[in-house]
Amino acid sequence: MAGQKRALEDNSSRNVKKSKLAKDRSTDAPEKPGQLISNLMNEEVDFPRGGGTSLTAAEVKAIRAEATQEANEELFAAPGKSPKKKSRSDAKSKASVTAKKDAIRIEHLNYKRIVPGMKLLGQIASIQPLALIISLPNQVMGHVPITQVTSQLTSRLESMHEQEEPSDTESVDDGESDSRTEVPDLFQLFHVGQYVRAVVTNVHASGFTDVSAISKLRDDAAKASRRLELSLVPKTVNSGVLKTDLKPGFTLSAAVQSVEDHGYILDIGVQGSSGFLSFQDAKRGGLDGSKLHIGQLLDTAVVKMSSNERICTVSIDPRGIQSSSITEVSNVTSVLPGILGQALITAILPSGLKLQILGFFDATVDEFHMPANPAKAFKIGQKVKARILYEIAGSSPPKFSVSLLDHVVKLEEKFSTHGISENAAIHLTYPIGTILDAIKVKRVEPTRGLIVEVQPHLDGFIHISHTSDDHIPALSSSSGPWRLNTFHRARVIGYHPLDGLLQLSLRPSILEQRFLQAGDIQVGEILKGTVKRLTDSALFVSISGNVDGVIWPNHYADIPLKHPSKRFKAGGSIQCRVLAVDPQRMRVELTAKKTLIESTLPVMTSIEEAKIGMITDAVVYRVVDKGLVVQFYNNLKAFVPSREASDYSSKLKDMFVAGRVVKVRILSADLDPPRVVASIRQASSSKAATVTDTSDITTGAAAEGVVAVHKTTAVPSPRPSHTRESIPSKALAKIRSSPLAQLKAMPTQSQSTRRSPTPKQAAPLKVEGFSWFSGDARSDAASDEASSSDEGSEDDESSKRKKRRKKKEIEQDLTADMHTKHPESNADFERLLLGSPNSSYLWVQYMSFLLQLSEIDKARETGRRAIQTISFREEEERLNVWIALLNVENVYGTDESLEGVFKDAARHNDSKTVHLRLAAILDESQKHEKAEDQYKRTCKKFGYSSKVWTLFCEHYLRRGDLEQARKLLPRSLQSLDKRNHLKTISKFAQLEYKLGDAERGKTIFEGIVDSHPKRWDLWSIYMDMEAGQGDIQSLRNIFNRVFAIKMTSHKARSFFKKWLELERKIGDEEGALTVKQRAVEWTQKAASESQ
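Quick caveat, the model's predicted, so the values are computed rather than measured.

Q: Please provide a residue-by-residue account of the overall build of the chain, values included.
A: Regarding its fold elements, the chain presents 39 helices and 33 strands. Relative to its 1091 residues, the chain shows a buried fraction of 41%. Considering only contacts within the chain whose residues lie at least 6 apart along the sequence, 58% involve residues at least 24 apart. As presented, the chain carries roughly 61600 Å² of accessible surface, and 51% of it is formed by carbon and sulfur atoms.

Q: Now, about the nonpolar core: what can you tell me, with residues and values included?
A: Formed by 49 residues in total, the largest nonpolar core has its most connected members in Trp1019, Met1023, Phe1039, Val1042, Phe1043, Met1047 and Phe1055. Ranked by the residues each element gives to this core, the list is headed by helix α36 (residues 1016-1029), at seven residues. Not counting chain neighbours up to four residues away, the residues in contact with Phe1039 comprise Met1023, Phe1055, Lys1058, Trp1059 and Leu1062. With 40 residues, the next largest nonpolar core counts Phe250, Tyr264, Ala282 and Leu336 among its residues.

Q: Break down the side chain of Ser231 for me, citing the residues and quoting the values.
A: Secondary-structure assignment places Ser231 in strand β5 (residues 228-231). Its relative accessible area of 1% is what places Ser231 among the buried residues. A polar atom in the side chain of Ser231 sits 3.0 Å from the side chain of Gln148.

Q: Can you break down unusual backbone geometry residue by residue, with the values?
A: In this chain, Ser396 is followed by Pro397 through a cis amide linkage whose omega measures 0°. Within the fold, Pro397 resides in the loop between β14 (383-391) and β15 (399-403). The omega angle of the peptide bond from Asp672 to Pro673 is -5°, so this bond is cis rather than trans. Residue placement: Pro673 occurs in the loop between β29 (661-671) and β30 (674-679). Non-glycine residue Leu411 carries a positive phi angle of around 55°. For Leu411, a relative accessible area of 15% gives the class buried. Positive phi is not limited to glycine here, since Asn635 has a value of about 60°. Its location among the elements puts Asn635 in the loop between β27 (627-631) and β28 (637-641).

Q: I'd like a description of the sheet that holds strand β20 (residues 501-505), backed by residues and values.
A: Taken together, five strands build a closed barrel; the order of strands is β16-β17-β18-β20-β19 and the barrel is mixed. Sheet twist, expressed as the average angle between the axes of neighbouring strands with direction ignored, equals 50°. Sheet topology places strand β16 (residues 435-445) next to strand β19 (residues 487-496); four bridges connect them, and they run antiparallel. From the neighbouring strand, Leu436 faces β19, where its bridge partner is Ala490.

Q: Pulling in residues and values, what's your account of the environment of Val891?
A: By secondary structure assignment, the location of Val891 is in helix α28 (residues 875-892). Owing to a relative accessible area of 56%, Val891 belongs among the exposed residues under this scheme. Between the alpha carbons of Val891 and Ser925 there is a distance of 8.5 Å; along the sequence they are 34 residues apart.

Q: Describe the sheet that holds strand β10 (residues 311-315), naming the residues involved and giving the relevant values.
A: Two strands in a sheet stick together by hydrogen bonds in their backbones, pointing the same way (parallel) or opposite ways (antiparallel). Strands sit in the order β6-β7-β8-β10-β9 around a closed barrel of five strands; the barrel is mixed. Strand-to-strand, the axes of this sheet are offset by a mean angle of 55°, without reference to chain direction. When strand β6 (residues 251-259) meets strand β9 (residues 297-305), the two strands line up antiparallel, connected through five bridges. In the strand pairing of β9, Leu252 is matched with Thr300.

Q: How would you explain empty space enclosed by the protein if you had to name every residue and give the values?
A: All told, the structure shown has four cavities of 30 Å³ or more when counted by the stated rule. Looking at the largest cavity, the residues that line it are Leu121, Gln194, Tyr195, Val196, Arg197, Ser253, Leu297, Leu298, Asp299, Gly338, Arg387 and Leu411. Partitioning the lining of the largest cavity into residue classes produces six nonpolar, three polar and three charged. Put simply, the second largest cavity is a space of about 50 Å³. Contributing elements (two or more residues each) for the lining of the second largest cavity: α33 (962-975), α34 (981-995) and α35 (998-1011).

Q: Tell me about the packing of helix α29 (residues 895-908) against helix α30 (residues 911-924), residues and numbers included.
A: The N-to-C vectors of α29 and α30 enclose an angle of 150°; their axes lie 8 Å apart at closest approach. As judged from the angle between their axes, α29 and α30 are roughly antiparallel. Residues Leu898, Phe902, Ala905 and Ala906 of α29 form the contact with α30, whose own contacting residues are Ser911, Val914, His915, Leu918 and Leu922. Class assignment of the residues belonging to the contact of α29 with α30 gives a composition of seven nonpolar, two polar and no charged.

Q: Just give me the short version of the side chain of Ser315, but keep the residues and values in it.
A: Secondary-structure assignment places Ser315 in strand β10. At 3.2 Å, the side chain of Ser315 forms a polar contact with the backbone nitrogen of Asp317. Ser315 has contacts with Leu277, Asp299, Thr300, Ala301, Val303 and Ile321, leaving out every residue within four places of it along the chain.

Q: An account of the confidence of the model for the chain is needed here, citing residue identities and associated values.
A: Taken as a whole, the chain shows an average pLDDT of 76; of its residues, 74% reach a score of 70 or greater. When mean pLDDT is taken per element in the chain, strand β4 (residues 195-203) scores highest with 93 and strand β32 (residues 713-718) scores lowest with 37. Under a pLDDT of 50 for its full length, residues 1-46 has, in the predicted model, three contacts with residues more than four places off or in other chains. Predicted confidence for residues 808-818 stays below pLDDT 50, and this span has two contacts to residues more than four positions away or in other chains.

Q: I'd like to hear about the packing of aromatic side chains, residue by residue, with values.
A: Pairs of aromatic rings are described using the distance from one ring centre to the other and the angle between the two planes. Counted by the stated rule, this structure contains 17 aromatic pairs. Between Tyr264 and Phe279, the aromatic rings sit 5.2 Å apart at their centres with planes inclined by 90°, giving edge-to-face as the arrangement. Remark: Phe279 occurs in helix α12 (residues 279-284) and Tyr264 occurs in strand β7 (residues 263-267); sequence separation between them is 15 residues. Taking 6.0 Å as the distance between ring centres and 65° as the angle between the ring planes, the aromatic pair formed by Trp1016 and Phe1055 counts as edge-to-face. Of this pair, Trp1016 sits in helix α36 while Phe1055 sits in helix α38 (residues 1049-1066); the two residues are 39 residues apart in sequence, bridging distant segments of the chain. Relative accessible area serves as the criterion here: at 17%, Trp1016 is assigned to the buried category. Exposure remark for Phe1055: the relative accessible area of 3% places this residue in the buried category. Above the plane of the ring of Phe540 lies Arg533, whose end atom (NZ or CZ) is 4.3 Å from the centre. The lysine or arginine in question, Lys637, covers the ring of Tyr621, its NZ or CZ lying 4.6 Å from the ring centre.

Quick notes on the rules
Residues numbered from 1 in each chain as written. Predicted model: local features only at pLDDT ≥ 70, side-chain atom pairs only at ≥ 80, totals over all residues. Heavy atoms only, no water. Helix = DSSP H or I, 4+ residues; strand = E, 2+ residues; numbered from the N terminus. Buried < 20%, exposed > 50% of the residue type's maximum accessible area, 1.4 Å probe, protein only. Contact = heavy atoms within 4.5 Å. Areas by Shrake-Rupley, 256 points an atom, 1.4 Å probe, with all protein chains shown as cover. Core = buried A, V, L, I, M, F, W, Y, C linked by side-chain atoms within 4.5 Å. Polar contact = N/O pair within 3.5 Å; in protein donor to acceptor, adjacent residues only side chain to side chain. Pairing = 2+ DSSP bridges. Axes fitted to C-alpha atoms, helices over the stretch in contact; angles between N-to-C directions. 1 Å grid on protein atoms, 1.4 Å probe; cavity = no way out; pocket = protein on both sides within 12 Å on 5 of 7 lines; lining within 4 Å. Points joined across faces, edges and corners; volume = space filled by probe spheres on them. Nonpolar A, V, L, I, M, F, W, Y, C, P; charged D, E, K, R; others polar. Parallel < 35°, antiparallel > 145°, perpendicular 65-115°, else oblique. pLDDT = per-residue confidence, 0-100. Phe/Tyr/Trp six-rings, centres within 6.5 Å; stacked < 30°, edge-to-face > 60°. Lys NZ or Arg CZ within 6 Å of the ring centre and 35° of its normal.

Listed below in structure tokens is the structure:
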């Protein structure tokens, strides 16, 4: 290079002169263009446009290998070492690069790795009115709004307001049109534990709460699911699936699109293809073929594909779907979550397994989806069945995460397999709040948490934040309090169905919490809470942890508070009592009324606890025309008639206001239909002392008491029981053989008698057959003397006062007669209706009065006017008027007029109730054929109702048509949901006992108790039916069979008590002694087994 440079310098120095320079330019000019052209030609050959090359393939491969070697030498060479050692390090580095390239990192699913469009397999954890809470892999939760279930369901929801008002031309008995108008709720379309395929539509940031479907839910699972929004729409979930991959064994989601003659057309989300499900296959799938709703989501398996690839026949048989698997797909986009495939284990890692699935796709299994205690250890090269959970986002080539868990592979809900609660659902065996005394640490993940063993084949997960109340940065498996094989005390705070893991906590603050959820709180319990906040509509109280209670304004105190903010301060303590608990909504209603908190009367929380004569506390809920509606604990209500509300004739609205605490006495309690009638008057302190039961007092019995005579009634107060019972004045006058006017003219005398300090000073009232005072030796003459002396004292008074008193008495009698007088004209009815416009009783009486006058059209007009006048809130009152109109048309109208009124009634009231009422009206009027047609129409429209089929059967049995009645049972089971089958079969069996063949009823009950031996309610009904037959030996056989089944001591005690009563009633003393002996033996056996 130096020589060349010097040569250039010499050449430049020789060319100093201009002549030589010009000469050189002239001589060099023709040579330079030739050199430039040749150089351009060479560059065009070596670097042609478009990427071509003049080198052969072997030369290119050799150059690339040499370049790779040089790059490795530059990047991985260790400085200061000999070339020989350097080459060894190069070899090691190449091996490490190859190993890193082949290795797959097994990562857990979390919110950071989830992206919109990602498809996952999930399991329904809970069902809310407007959303589904979905359990996803690795303890991730998501929610599906009701508008993201299927497009068909969304369309029905959008047009629901238009379908609620059918046109007049529509046929009332069109069952198909009615099924379309009634949009099913999510509880009818899904069940807890059901597996679904979902697509992520949105991932919200941490702390996001603005989700309308679940924003008001306080459940921890619902809160966790707010961040992840999912969709189940088949068009979105199945996007990318090719027609060529729709082969037998391929499973996918589908939605019911329409109902055809032979089956259902399904929307499978594949363009150009539709699914078909026959009615027969629908029944095989465990569903009633006629009860699939349009818009319902189904999990299907492909049976066959038509030759033109337009119709795909599918099946919903659960067993077929569980076992359906595929071996290969033509495109990776056809791989859906939930597909079962054969997998080959290619590597075993500490954090899971590496597999090859569907022939050539890589897959991983994390430790949460590996069997806890596999029967055989996994080996490389072993073939296993695996179900795809999701495709790992951002992986190229595509990689999948799969599960080997037994319940996921079989698409079943995981059950407990150990202890007393064997074969029971995990969330029922270990409800939230359960304390586990000894759990063993199986595995420690330093940055995530602990995996513990709860029982064999059931693990739990403890997040690192739940190991202690303090902040724990990392966990250690060899040291510290949470090392391997240590035992701890934990509490259940949740359950992840898909992973089959219990969510546990070791935090002392959670272990010490009295209540972990609303369901743990008992109604009627007295609590101490902390005021959280006060709003215009309610007071919110913190009870324990995340469990809050609400106090409504009418329960702030015994009296209404004008300024509640002065009494309730945020952070202050408050003592309250639990009024009602709603575990599903996590709501606890409280009361701060001092009267209820300090009351020692029994707490009544259900209608089963209502006993006749029982005195308890209640709160006035509403004042109506005919009486009061009072409310007990747990939102149980009772009715207090006007005559039992008070002794005074004042208006109830002036005496009682909503929120007032009253003591009531239970008069009657009916379970079917549920109705409780109570009395405030009989529960008052002056009328209800220590004993309130008057059932022991019989006619003609002698009792001791003090007579208190009122204006129109005489009330004896027997001394032993301190109970007061009223005797009508007419009956008392008849016993005394005295005129009623004389008895009514005695208030002054009775008042003077009640004011006397001792009973001896009162003039005794002699009634035959009833001794009012003990040791009464006073004769009739003495009583006559006393009465004459009273009359003498009255004669001493001035005549003016007598006249005034008589006038007042006459006025009072006239007023009383006006109140008790029955209306006798249109004006009387109109006057009464002005005071009680919402009383259907008065309106129906008015219509009856007009019918007696043969004014049929006016009676119809009165009924129509009543419907327009009665408040729309009084639904029962309006229904009574509609039924009266139906009766009028049935007797005086034509078939057309009856049908017109019936359609109007069905449109403005509960349609099913009106249908059944019309059938009953026709039946009672001996129009049996029309009643039968009405029942058929009702069953077609409301086939999902057990009550409709039961009443239809009763209609046939009362007519003696046993054959038609018995044909209804299999027909009803085809239309009813499975959950109503037992109830319906039991009702049919009871009807057989009462109206048909008792032996047939017994046969039906035998089938029920054999298939459901632990349904104690059905056993009890069976016993009652047999008791009605009077066969004590048959009853003994039934009881012996019942006690052969394992049951709780409480249930056994009730059955023994029932048996003993039946033995005393229709058996003999020997049988009663046998029952007592059996009870002792059963108790001893149960005690020995518990020890």
